[in-house]
Amino acid sequence: MDWGNVTAEDLIDALREVDWSSPPRPLSEFFSRFTVPRSSAKWNSRLKCNLYYYRTNYFIMITVILGLGFLRRPVAIIAALLTALSIAFLNDSFAGTFNEKVTRTVRQFSPHLAAKMRPPLTPVIRGRPSAKRAIYICGRPRWVFVLIFSCVSFILWYVSCGLLTVLWALAVGLLATILHASFRTPNLKARLNTFREEFRAVWRNYSEL
């Protein structure tokens, strides 16, 4: 895959739709080999490839940095967790998996309540869905939970007086992510993994026709 031809919008769409439930890459691989890119085009391609391949590692790293910045502020830690959860809900795979696990857990105690948490059926015309499949969480559109969690986390940030600290911690986390993605040399495993996930995405779209 030629990452140089991938736009930032395509990368964001891929990160939103790809499966985030996979475990992070081992630390021995994450800190394996670093080199300086030979050109701006090489740097651009490497940055996008590493952001996609090590997405789980970067997400955990940013969350840990945010947590370390608020060791003495429990309210801010809760705010950081809610912020991370609201961002994770933007990913289709995470939101779908979260909804399935919550519904399965609720079904063990109240099958009637679990039935109400099912997403509405999408109308089908000529064997195909009439509209793009929307993501639901506990029977409600995804954006409802994203909005609620974002508002609650913002209030907690304000109460804990940690807005300035979170900005610094977030800046450090993003800087560490960009530096690692810029100098970590993509290996053959990363390229093969990208091709395999591309094939799964194509096969999934084909099976939905």
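Predicted model, so just to flag it, every value in this text is computed and none were measured.

1. Looking at the overall build of the protein
The helix and strand inventory of the protein stands at ten helices and four strands. Its helices and strands taken in sequence order, the protein reads α-α-α-α-α-α-α-β-β-β-β-α-α-α from the N to the C terminus. Per-residue burial for the protein yields a buried fraction of 32% across its 209 residues. In the protein, once contacts between residues fewer than 6 apart in sequence are set aside, the share between residues at least 24 apart is 80%. Carbon and sulfur atoms make up 67% of the accessible area of the protein, which totals about 13,900 Å².

2. Focus: the packing of aromatic side chains
Enumeration over the complete set of coordinates arrives at ten aromatic pairs. Their ring planes at 70° and their centres at 5.4 Å tell us that Phe 30 and Tyr 54 sit as a pair that is edge-to-face. Here Tyr 54 lies in the loop between helix H3 (40-53) and helix H4 (55-68) and Phe 30 lies in helix H2 (residues 27-30), a separation of 24 residues in the sequence. You'll find Phe 30 and Tyr 54 in the same group, each marked buried. Measuring from centroid to centroid gives 6.3 Å for Tyr 54 and Tyr 58, while their planes differ by 65°, and the two rings are edge-to-face. Its relative accessible area of 1% is what places Tyr 54 among the buried residues. Judged by relative accessible area, which is 4%, Tyr 58 ranks as buried. Feature note: the residues Phe 30, Phe 31, Tyr 53, Tyr 54 and Tyr 58 constitute an aromatic cluster, connected by ring pairs. Positioned over the ring face of Tyr 53 is Arg 25, at 4.0 Å from the centre of the ring. When the ring centre of Tyr 52 is taken as origin, the NZ or CZ atom of Arg 55, which lies over that ring, is 4.9 Å away.

3. Things to note about helix H9 (residues 163-183)
For H9, which comprises 21 residues, the first-to-last C-alpha distance of 30 Å matches the rise-based estimate of 30 Å (1.5 Å per residue) to within 8%. Those residues of H9 not exposed but buried are Val 166, Ala 169, Gly 173, Thr 177, His 180, Ala 181 and Ser 182. The inward-facing, buried residues of H9 contact H2, H3, H4 and helix H8 (142-159).

4. A few points about a positive patch on the surface
On the surface, a cluster of positive charge is contributed by Lys 101, Arg 104, Arg 107 and Arg 118. One can find Arg 107 in helix H6 (residues 92-109).

5. Comments concerning unusual backbone geometry
In the Ramachandran plot, Cys 138 falls in the positive-phi region, its phi being about 55° despite a non-glycine side chain. Relative to the helices and strands, Cys 138 resides in the loop between strand E3 (136-137) and strand E4 (140-141). Residue Cys 138 is classed as partly exposed on the basis of its relative accessible area, which comes to 21%.

6. Details of the UniProt feature "transmembrane region" (unreviewed entry) in the protein
Per the UniProt record, "transmembrane region" (unreviewed entry) is found at residues 52-71, 77-98, 143-160 and 166-183. As annotated, residues 143-160 has a helix share of 94% and a strand share of 0%, and its two end C-alpha atoms lie 25 Å apart. Within the segment residues 166-183, helix and strand shares are 100% and 0% respectively, and the terminal C-alpha atoms sit 26 Å apart.

7. A few points about the packing of H3 against H9
Two numbers describe how H3 lies on H9: the axes approach to 7 Å, and their chain directions differ by 115°. Remark: the crossing between H3 and H9 carries right-handed chirality. Here H3 contributes Trp 43, Arg 46, Leu 47, Asn 50 and Leu 51 to the contact with H9, which in turn contributes Thr 177, Ile 178, His 180, Ala 181, Ser 182 and Phe 183. Split by residue class, the contact of H3 with H9 holds six nonpolar, four polar and one charged.

8. Here we look at the nonpolar core
Among soluble globular proteins, nonpolar side chains are generally buried collectively. Judged by nonpolar contacts, Ile 62, Leu 66, Phe 70, Ala 76, Ala 79, Ala 80, Trp 157, Val 166 and Ala 169 together constitute the single largest core of nine residues. Among the secondary structure elements, those contributing two or more residues to this core are H4, helix H5 (74-88) and H9. Looking at this core, the element that brings in the most residues is H5, giving three residues. Apart from the residues lying within four places of it in its own chain, the contact partners of Ala 169 are Ile 65 and Leu 66. Grouped together as the second largest cluster of nonpolar side chains are eight residues, Phe 89, Ile 135, Phe 145 and Val 146 included.

Thresholds, definitions, all that
Residues numbered from 1 in each chain as written. Predicted model: local features only at pLDDT ≥ 70, side-chain atom pairs only at ≥ 80, totals over all residues. Heavy atoms only, no water. Helix = DSSP H or I, 4+ residues; strand = E, 2+ residues; numbered from the N terminus. Buried < 20%, exposed > 50% of the residue type's maximum accessible area, 1.4 Å probe, protein only. Contact = heavy atoms within 4.5 Å. Areas by Shrake-Rupley, 256 points an atom, 1.4 Å probe, with all protein chains shown as cover. Phe/Tyr/Trp six-rings, centres within 6.5 Å; stacked < 30°, edge-to-face > 60°. Lys NZ or Arg CZ within 6 Å of the ring centre and 35° of its normal. Expected span 1.5 Å × (residues − 1). Patch = residues over 30% accessible without salt bridge, like charges linked within 9 Å, V, L, I, M, F, W, Y side chains within 5 Å. Salt bridge = Lys/Arg side-chain N within 4 Å of Asp/Glu carboxyl O. Lys, Arg positive; Asp, Glu negative; His and termini not counted. Charge placed at Lys NZ, Arg CZ, Asp CG, Glu CD. UniProt positions renumbered as here; feature names shortened; annotations may be inferred. Axes fitted to C-alpha atoms, helices over the stretch in contact; angles between N-to-C directions. Left-handed = near helix turned anticlockwise from the far one by under 90°. Nonpolar A, V, L, I, M, F, W, Y, C, P; charged D, E, K, R; others polar. Core = buried A, V, L, I, M, F, W, Y, C linked by side-chain atoms within 4.5 Å.

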